[in-house]
Structures are given as structure tokens and as C-alpha cells.
Amino acid sequence: MVTPAAKRKVVAHLVDAHGMSERRACKAIGCCRITMRYRTTRADDAGVRQRMKAIAQERRRFGYRRLHVLLKRQGFAINHKKLFRLYREEKLVVRRRGGRKRAIGTRAPMTVPMAPNDRWSLDFVSDQLTDGRRLRILTVVDDCTRECLALVADTSLSGARAARELDRLVMERGKPKMVVSDNGTELTSNAILTWADRSCVAWHYIAPGKPMQNGFIESFNGRLRDELLNETLFTSLAQTRVALGCWRADYNYTRPHSQFGWKTPSEFAFTCHPRRDLALRYADGSAPAPVATTAKLGNSNGLSELRTG
């Protein structure tokens, strides 16, 4: 019996079951009588608890910090420490999946993208339908704004299909300065190499076995798998595409991002225009170039080589 609530419960049991007086029951367990007579003045948090549980049921993989942001958007003024206490009392703590990540080897700096379309990241994610058929998802992310540009699902995705999706994105959003990907067979195919040369886009391949050189897309894929793929059973390819489209819209326009002060990627994209002036300052040498710590850069193809300092 450590907490005052537990002591009150024991005293009440002794009084009701054994006919003790309150004074004798408190003396028997070593409890101060003031503890029994105390009445809390804390405000009723039933509304916050109910809304927090409703959001947590809808977004099962969100922690208390993102729940705090969503509650603030809905008009609930509550301190994050108090919300964390309520969060634990309601047993909503999210269990993290996966093992411990360790940094191995030396690292070299890589320039941070300063504007939208400075650098895109590409990767593939695998999953399966309820009938056992395998499917693949092409994910494309803007490294500056963290916006999800595309989620393309199909039973097979070739290099030519990836090139067509990139052409569609270029028509909608504009041409990127650089694209970063791993050394998968689809992304090293002649179709992709031809597309990079025809579009005059620098294509950088990370070193084999170094996924953190493409850390932006790897982090995004982790969120995609944790919040959607592991939580949903896909019965058909059409249902998969609808679910991916809804999740992509939610990720870009609703889900708060911790790296942007809990703004959404779309909200942060609107603030990126002043960063272009900052990029010009870095270009003329008036300010030091910002860097992010990543693993050592890998090799590029001969036609679109990435020059590093």
C-alpha cells in the first residue's frame, strides 16, 4: 500500500468488513486520518479522457505527443505533462516494435535540401493480400518538406513503371534536382537510367548495405508500415490503393510531424519560400552550408555522378 488511494481502500474495507472505527483502522495500517478526509480539488478530466481515447482508437500507433497536438487543434487546452499522466492512467502507451538501432562506422556530412524538389527519395515496400498474393508499393518522398509524393501499389512494379510514375510527378510538381535510391534491380534498370539522362536529373545510388544513407525514405517507410500496413488487412488491390490514398492525404495534411514543430508536411511546405533566399546566401558563401550527419555516400552511375566535398 503506497498510494493514498490504496490506503483509503484498505481503511474502507476494515471499517465495513471488520467493524473498526476509522481512527483504529488508520492506526492499524499506519495511515494519517487527513489522508482519509482529503477531497480532491482537481478539475474533472472526463471530456479530455474520452476524446483522447477516441483519437487513440482511431490512430492506434500515435504516441501522447501527437495526441497532444491533435487535442490542441480541437480546442483542448491541456499541459503535455498532465496529458502524459492521463495517457498512462488510461493504459494507452504504444509499444514500440523492432530492436535497438546502433550507429556503426564513420559518417560523412551530406547537404540538407533547402527547398522543395531539391531531392527526392525512392524505395519499395512489400506486403501481401489476405489471399496470399504479394504486392509492392513504390514510395516517393520530398526530403525537404517530407511530403509523400506518391504511393503506387501493384503486384509487380518494373523500372519502366517507376519511370512513368516519375514522369507523372514531374508534370504535377516539377523536376527534382536529385533522386536518391538504393541499388534495387528496378532502380538500376535501363529504363531508369534512360529516364535520368533524358530528364537531366542527377540520380544517386547509396552504398550497398547502407540504408541509412537514404534515411528520409527509410523513416517514412517505417511510419507507413507501423501505422497502416501492420494495422490493415488488404483483401484486394483496389482496396489497397484506396487505403494508401487516404493515408497519404492524412500524412500530408493532418498528421503532425515532430521535425517541423508538429506542423504537417503541407503546412511546412508553405513556409519553404523564405528558405530559398537562405539557400542563395549559402551559395554565395555568406553563411556556412548546413549539413546533416549521415553515413558515407555510395557510388553513382557515370552519367549522373554526385560530387561531394
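Along each chain, residues carry numbers from 1 onward, in the same order as the chain's sequence is written. For this predicted model, a pLDDT threshold of at least 70 governs which residues receive local features, and a threshold of 80 or more governs which side-chain atom pairs are given and counted, while totals over whole chains, interfaces and linings are taken from all residues. Hydrogen atoms and water are omitted, and side-chain values are computed over all heavy atoms in the structure.

Peer 1: Before we go on, may I ask you to explain the overall build of the protein chain in this structure?
Peer 2: Counting from the N terminus, the helices are the DSSP runs of H or I reaching at least four residues and the strands are the DSSP runs of E reaching at least two. Tallying secondary structure elements over the protein chain gives 12 helices and seven strands in all. With a 1.4 Å probe rolled over the protein chains alone, any residue whose accessible area is under 20% of its type maximum counts as buried; one over 50% counts as exposed, and the rest are partly exposed. Counting all 309 residues of the protein chain, 40% fall into the buried class. Look at the contacts in the protein chain between residues 6 or more apart in sequence, and 62% of them connect residues 24 or more apart. When the accessible surface of the protein chain is totalled, it reaches about 18400 Å², and 52% of it is carbon and sulfur. Contacts were defined at the residue level, with two residues in contact if any of their heavy atoms lie within 4.5 Å. Only the protein chains shown count as cover for residues, with accessible areas throughout obtained via the Shrake-Rupley method and a probe of 1.4 Å.

Peer 1: How should I be thinking about the nonpolar core in this particular structure?
Peer 2: In summary, soluble globular proteins display a tendency toward joint burial of nonpolar side chains. Buried residues of nine kinds, namely Ala, Val, Leu, Ile, Met, Phe, Trp, Tyr and Cys, make up a nonpolar core once their side-chain atoms join them within 4.5 Å. Counting residues in hydrophobic clusters, the biggest one holds 21 residues, and the most contacted among them are W120, L122, L138, V140 and W203. When residues of this core are traced back to their parent elements, those giving at least two are strand 2 (119–128), strand 3 (134–142), strand 4 (148–154), helix 7 (159–173), helix 8 (190–199) and strand 6 (202–205). The biggest single contributor to this core is helix 7, with four residues. If we skip the residues at most four places from it in the chain, L122 touches L138, T139, V140, L166, V179, V180, S181, L187, W203, N214 and I217.

Peer 1: I keep staring at the packing of aromatic side chains and nothing clicks. Help me out?
Peer 2: The relative placement of two aromatic rings is captured by the distance of their centres and the angle of their planes. For Phe, Tyr and Trp, where Trp contributes only its six-membered ring, two rings pair if their centres lie within 6.5 Å, and the inter-plane angle classes them as stacked under 30 degrees, edge-to-face over 60, or tilted in between. Inspection of every chain in the model, using the stated rule, returns eight aromatic pairs. Considering the side-chain rings of W247 and Y251, the 5.3 Å spacing of their centres and the 25° angle between planes classify their relative orientation as stacked. Placement of the pair is W247 and Y251 together in helix 10 (residues 237–253), with a separation of four residues, close to one helical turn. Like W247, the residue Y251 is buried in the burial classification.

Peer 1: Honestly, the pattern of salt bridges in this entry has me stumped. Any pointers?
Peer 2: Note that side chains of opposite charge can pair when their charged atoms are close. We define a salt bridge as a side-chain nitrogen of Lys or Arg found within 4 Å of a carboxyl oxygen belonging to Asp or Glu. Scanning all chains against the criterion turns up 23 salt bridges. Note that R33 and E22 form a salt bridge whose closest N and O atoms lie 3.7 Å from each other. One end of the pair, R33, is in helix 3 (residues 33–37); the other, E22, is in helix 2 (residues 22–29), and 11 residues separate them in sequence. A relative accessible area of 26% means that R33 is categorised as partly exposed. For E172, the salt bridge goes to R168, with nearest N and O atoms at 3.2 Å. Remark: R168 and E172 occur in helix 7; sequence separation between them is four residues, near one turn of the helix. Judged by relative accessible area, E172 falls into the exposed class, the value being 57%. By sharing partners, the salt bridges in this structure join D154, R161, E165, R168, E172 and R241 into a single network.

Peer 1: Please clarify how the confidence of the model for the protein chain should be interpreted in this entry.
Peer 2: Considering every residue of the protein chain, the mean pLDDT works out to 82; 83% of them sit at 70 or more. pLDDT expresses how confident the predictor is about each individual residue, on a scale running from 0 to 100. Contacts from residues 274–309, a stretch scored under 50 in pLDDT, to residues over four places away or in other chains number 60 contacts.

Peer 1: What exactly am I supposed to notice about the environment of R49 here?
Peer 2: Relative to the assigned elements, R49 resides in helix 4 (residues 46–58). A sequence separation of 38 residues divides R49 from Y87, and the C-alpha atoms of the two residues are 8.2 Å apart. Apart from residues no more than four positions distant in its own chain, R49 is found in contact with R85, L86, E89 and E90. Of the polar contacts made by the side chain of R49, one reaches the side chain of E90; its length is 2.7 Å. Definition of a polar contact: a pair of N or O atoms within 3.5 Å, with one able to donate and the other able to accept a hydrogen when the atoms are protein atoms, and with sequence-neighbouring residues admitted only if both atoms are side-chain atoms.

Peer 1: Could you clarify how one ought to interpret the sheet that holds strand 3 in this entry?
Peer 2: The strand order across the open sheet formed by five strands is 4-3-2-5-6, and the pairing between neighbours is mixed. In this open sheet, the two strands that pair with only one neighbour each are strand 4 and strand 6. Averaged over neighbouring strand pairs, the angle between their axes works out to 20° when direction is ignored. Note on pairing: DSSP must find at least two bridges between two strands before they are called paired. Pairing geometry for strand 2 and strand 3, over nine bridges, is antiparallel. Residue pairing across strands places S126 opposite R136, the latter belonging to strand 3. Against the sheet, helix 7 contacts strand 2, strand 3, strand 4 and strand 6, and its axis sits at roughly 150° relative to strand 4. Contacting strand 3 and strand 4, helix 10 runs over the sheet at an angle of about 170° to strand 4. A fitted line through C-alpha atoms serves as each axis, taken over the contacting stretch for helices, and the angle formed by two N-to-C directions is quoted from 0 to 180°.

Peer 1: What is the right way to read the packing of helix 9 (residues 215–227) against helix 10 from this model?
Peer 2: When two helices pack together, their arrangement is given by the angle between the helix axes and by the axis-to-axis distance. In contact at an axis separation of 12 Å, helix 9 and helix 10 are set at 120° when each is read in the N-to-C sense. Relative to helix 10, helix 9 is oriented oblique. Relative to helix 10, the crossing made by helix 9 is right-handed. Contact with helix 9, carried on its side by F220, R223, L224 and E227, involves L244, W247 and Y251 of helix 10 and no other residues of that element. Roughly parallel means an angle under 35 degrees; roughly antiparallel means over 145; roughly perpendicular covers 65 to 115; every other angle is labelled oblique. Rotating anticlockwise by less than a right angle from the far helix to the near helix defines a left-handed crossing, while the corresponding clockwise rotation defines a right-handed one.

Peer 1: Got a minute to help me understand the side chain of E227 in this structure?
Peer 2: Assignment of secondary structure puts E227 in helix 9. A polar contact is formed between the side chain of E227 and the side chain of R255, at a distance of 2.9 Å.

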